[in-house]
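Breakdown of the fold
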Amino acid sequence: RREKLKNQLKDIELAKKETLHKRTIEARQAALDSYGQGKELIKEAETRLKRKEAEWKDAEMEVSRRNIKLDAYKEDMRRATIDVDDLEQQKKECMKEFKASTGKPYAMLLEQYKIKPTEE
């Protein structure tokens, strides 16, 4: 009887150890699965990050190209403004010269270049 009780206790202990071993294996497998999923998520995130970085670099290059164009337009505008100022000065001098040589107001000089409306 004692032997039977001893064997039952051994069987119970063995069952406990088997259950513990089984749960340990299941927990290890769950941890491995979770690790694999996490690793995959990290790879996907890194791929998205690289794509976003490339898009950002392209956008920066486009901004740089546009800034270069804007600088060129600003320089063209600056030169055009200088040209307009020079032409205004030349016009002013021409008007003075016209008045000094003819004694007539310069508006008369400009009248001949006005476009006359045509009647239909």
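To keep things clear, this report deals only with the structure shown in the data block. Here the structure is a predicted model, which is why all the values come from computation and not from measurement. (Residues numbered from 1 in each chain as written. Predicted model: local features only at pLDDT ≥ 70, side-chain atom pairs only at ≥ 80, totals over all residues. Heavy atoms only, no water.)

Within the protein chain, the secondary structure is distributed over two helices and zero strands. Rg of the C-alpha trace for the protein chain: 46 Å, well past the compact-globule value of 14 Å for 120 residues, more than 25% over. Its C-alpha atoms give the protein chain principal-axis dimensions of roughly 150 × 40 × 15 Å. When the 120 residues of the protein chain are sorted by exposure, 2% land in the buried category. (Helix = DSSP H or I, 4+ residues; strand = E, 2+ residues; numbered from the N terminus. Rg over C-alpha atoms; globule rule 2.2 N^0.38 Å. Buried < 20%, exposed > 50% of the residue type's maximum accessible area, 1.4 Å probe, protein only.)

This paragraph deals with the environment of Thr 118. Relative to the assigned elements, Thr 118 resides in the segment after helix 2 (106-111). Between the C-alpha atoms of Thr 118 and Ala 80, which are 38 residues apart in sequence, the distance is 33 Å.

Moving on, we come to the pattern of salt bridges. All told, the structure shown has eight salt bridges when counted by the stated rule. Here Lys 16 ties to Glu 13 by a salt bridge, and the two come within 3.9 Å at their closest N and O atoms. Pair noted here: Lys 16 and Glu 13 are both in helix 1 (residues 2-102), with a separation of three residues, about one helical turn. Among the residues examined, Glu 13 registers a relative accessible area of 41% and is labelled partly exposed. (Salt bridge = Lys/Arg side-chain N within 4 Å of Asp/Glu carboxyl O.)

Looking now at helix 1. For helix 1, with 101 residues, the first-to-last C-alpha span of 146 Å sits near the 150 Å given by 1.5 Å per residue. Positive phi shows up at Gly 103, right after helix 1, with a value of about 80°. (Expected span 1.5 Å × (residues − 1).)

A surface patch of negative charge is lined by Asp 83, Asp 85, Asp 86 and Glu 88. With respect to the helices and strands, the residue Asp 86 is situated in helix 1. (Patch = residues over 30% accessible without salt bridge, like charges linked within 9 Å, V, L, I, M, F, W, Y side chains within 5 Å. Areas by Shrake-Rupley, 256 points an atom, 1.4 Å probe, with all protein chains shown as cover. Lys, Arg positive; Asp, Glu negative; His and termini not counted. Charge placed at Lys NZ, Arg CZ, Asp CG, Glu CD.)

Right, let's get into a nonpolar patch on the surface. Taken together, the side chains of Leu 5, Leu 9 and Ile 12 make up a nonpolar region of the molecular surface, amounting to roughly 290 Å² of accessible area. Looking at the secondary structure, you find Leu 5 in helix 1.

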